[in-house]
Amino acid sequence: DTEVTQTPKHLVMGMTNKKSLKCEQHMGHRAMYWYKQKAKKPPELMFVYSYEKLSINESVPSRFSPECPNSSLLNLHLHALQPEDSALYLCASSQEGLAGAYNEQFFGPGTRLTVL
Amino acid sequence: SQQGEEDPQALSIQEGENATMNCSYKTSINNLQWYRQNSGRGLVHLILIRSNEREKHSGRLRVTLDTSKKSSSLLITASRAADTASYFCATVLNTGGFKTIFGAGTRLFVKA
């Protein structure tokens, strides 16, 4: 299985809602990532988990809360979002390579989030 | 600014022609990767080239890396309409954790 799955595909939420994005991989990868991508822009790294521990948090607002319950699952909990948070949220995973540097990343199809 | 900058921002060619995209970066890297993204979809990894490599091939793709100039290029030969997509370079920085930064991307349009 060389697939990263993400649910839901689309999500519309109000600014007072709480929702979660889910990501799953069964490739045995120990690094997992969340990216945010606005239209016609490159993906921007939000969080990196390595061996289920948060290793990078790119100064993301606390209304985004990541969670890695086990080596196959990655969640992104959303609360009190703003309309400018509307974007494509991408999950990815990779093996750790030599000296800890990450190899190629496998991406899920993304969740298209709209905040009203 | 982003670590990886790409040019051109957009490229329109006829089917059968070659397409070349360039990427420049600012700091030393462990490896450089190229990804492809069809509209609104996830990214697909194309090629990874390590800092001690100068050239790599995969099918119709050829990637070069010049660490002295901090630049890389992606060449797609004999392009097809199905190659229409956005192409991103990505570099990995060691900032205490390994951080991937994507370039701005080149939007390629191949006309049939």
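The rules we used
Residues numbered from 1 in each chain as written. Chains lettered and ligands numbered in written order. Predicted model: local features only at pLDDT ≥ 70, side-chain atom pairs only at ≥ 80, totals over all residues. Heavy atoms only, no water. Helix = DSSP H or I, 4+ residues; strand = E, 2+ residues; numbered from the N terminus. Rg over C-alpha atoms; globule rule 2.2 N^0.38 Å. Buried < 20%, exposed > 50% of the residue type's maximum accessible area, 1.4 Å probe, protein only. Contact = heavy atoms within 4.5 Å. Areas by Shrake-Rupley, 256 points an atom, 1.4 Å probe, with all protein chains shown as cover. Buried area = accessible area lost by both parts, 1.4 Å probe. Salt bridge = Lys/Arg side-chain N within 4 Å of Asp/Glu carboxyl O. Polar contact = N/O pair within 3.5 Å; in protein donor to acceptor, adjacent residues only side chain to side chain. Nonpolar A, V, L, I, M, F, W, Y, C, P; charged D, E, K, R; others polar. 1 Å grid on protein atoms, 1.4 Å probe; cavity = no way out; pocket = protein on both sides within 12 Å on 5 of 7 lines; lining within 4 Å. Points joined across faces, edges and corners; volume = space filled by probe spheres on them. Pairing = 2+ DSSP bridges. Axes fitted to C-alpha atoms, helices over the stretch in contact; angles between N-to-C directions.

Now for the overall build of chain B. Of regular secondary structure, chain B possesses zero helices and 11 strands. In chain B, the succession of helices and strands from N to C terminus is β-β-β-β-β-β-β-β-β-β-β. Here the C-alpha atoms of chain B give a radius of gyration of 14 Å, agreeing with the 13 Å that 2.2 N^0.38 yields for 112 residues. Seen along its three principal axes, the alpha-carbon backbone of chain B occupies a region of about 45 × 30 × 20 Å. Within chain B, the proportion of its 112 residues that are buried is 46%. Restricting the contact set of chain B to residue pairs at least 6 apart, pairs at least 24 apart contribute 54%. Taken as a whole, chain B presents about 5300 Å² of accessible surface, with 46% of it coming from carbon and sulfur.

Each side of the interface is counted separately: chain A has 23 residues, and chain B has 22 residues. In total, chain A and chain B occlude about 1800 Å² of area from one another, counting both sides; carbon and sulfur atoms represent 57% of this. Connecting chain A to chain B are one salt bridge. Across the salt bridge formed by Lys99 of chain B and Glu58 of chain A, the nearest N and O atoms sit 2.7 Å from each other. Our enumeration of links across chain A and chain B arrives at four residue pairs in polar contact (both at pLDDT 80 or more). Looking at the side of chain A that touches chain B, the elements that each hand over two or more residues are strand 4 (31-37), strand 5 (44-50) and strand 9 (87-94) of chain A. Here the side of chain A that touches chain B is built from residues that sort into 13 nonpolar, five polar and five charged.

Attention now goes to the layout of surface pockets. For the largest pocket, the calculated volume is near 540 Å³. If you go around the largest pocket, you meet 23 residues; those closest to its centre are Lys40 of chain A together with Gln37, Ser39, Ser86 and Arg107 of chain B. At the level of secondary structure, the elements contributing two or more residues to the lining of the largest pocket comprise strand 9 (85-94) and strand 11 (106-111) of chain B. Looking at which element gives the most residues to the lining of the largest pocket, the answer is strand 11 of chain B, with four residues. For the lining of the largest pocket, the class distribution of residues is eight nonpolar, 10 polar and five charged. In this structure, the second largest pocket encloses a volume near 270 Å³. Residue lining of the second largest pocket: 16 residues in total, with Phe107, Gly108 and Pro109 of chain A together with Leu43 and Val44 of chain B positioned closest to the centre.

A separate point is empty space enclosed by the protein. Residues and elements named next belong to chain A. Within the structure shown, the criterion is met by one cavity of 30 Å³ or more. Lining the largest cavity, in full, are His29, Arg30, Ala31, Met32, Tyr49, Tyr51, Glu52, Cys68, Asn70 and Ser71. Contributions of two or more residues to the lining of the largest cavity are made by strand 4 and strand 7 (64-70). Each residue belonging to the lining of the largest cavity can be placed in one class, and the counts come to five nonpolar, three polar and two charged.

Below, the discussion takes up the sheet that holds strand 8 (residues 73-79) of chain A. Residues and elements named next belong to chain A. Across the sheet, four strands lie side by side as 1-3-8-7; this open sheet has antiparallel pairing. The outermost strands of the open sheet, each flanked by one partner alone, are strand 1 (4-7) and strand 7. Averaged over neighbouring strand pairs, the angle between their axes works out to 20 degrees when direction is ignored. For strand 7 and strand 8, the ladder comprises five bridges, and the chain directions are antiparallel. The partner of Phe64 across the bridge, within strand 8, is Leu78.

Purely geometric stuff here, so don't read any function into it on its own.
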